[in-house]
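# Residue-level structure breakdown
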Amino acid sequence: MQYLWKFEVTTLERGVFMESAPAETERMAELMVVGDLAEAEQTVVEIVLMDCVEVA
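All chains use their own residue numbering, which begins from 1 and follows the written sequence. Side-chain atom pairs in this predicted model are given and counted only at pLDDT of 80 or more, local residue features only at pLDDT of at least 70, and totals for whole chains, interfaces and linings cover all residues. Heavy atoms throughout the structure, all of them, feed into the side-chain values; hydrogens and water do not.

### Focus on the side chain of Thr-11
Convention followed: Only DSSP runs of H or I reaching four residues or more are called helices, and only runs of E reaching two or more are called strands; each is numbered from the N terminus. When a residue's accessible area, from a 1.4 Å probe over protein chains only, is under 20% of the maximum for its type it is buried; when over 50% it is exposed; and in between it is partly exposed. Under this definition, polar contacts are N or O atom pairs within 3.5 Å; protein pairs additionally need one hydrogen-donor-capable and one acceptor-capable atom, and for neighbouring residues in sequence, both atoms have to be side-chain atoms. In what follows, residue pairs with any heavy atoms lying within 4.5 Å of each other are defined as contacts.
By the secondary structure assignment, Thr-11 is in strand S1 (residues 2–11). Take Thr-11: its relative accessible area is 4%, and that puts it in the buried class. Within the structure, Thr-11 has its side chain in polar contact with the backbone nitrogen of Arg-14 (distance 3.0 Å). In this structure, Thr-11 is in contact with Phe-17, Leu-37, Gln-42, Thr-43, Val-44 and Val-45, ignoring residues within four places of it in sequence.

### Structural notes on the packing of aromatic side chains
The cut-off we apply is this: Paired rings are identified among Phe, Tyr and Trp, the last through its six-membered ring, by centres lying within 6.5 Å, and are further divided according to the angle between planes into stacked (under 30 degrees), edge-to-face (over 60) and tilted (the rest). Counted as over-ring charges are cases with an Arg CZ or a Lys NZ within 6 Å of the ring centre that also lie within 35 degrees of the ring normal.
Scanning the model with the defined rule gives 1 aromatic pair in all. When the ring centre of Phe-17 is taken as reference, the NZ or CZ atom of Arg-14 above it lies at 4.4 Å.

Quick look at the structure:
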């Protein structure tokens, strides 16, 4: 079972924006979001789960 987790992410550089990650668990999705932001050299201040939908 896979879900699309949608987060509101607060960073130092870009403020607040939405980020989505497909994963089996919220933790996996959160790590994917953080990893993506690290590659973009964003400093994550806060991640808040906004929504989760099941994907086929």
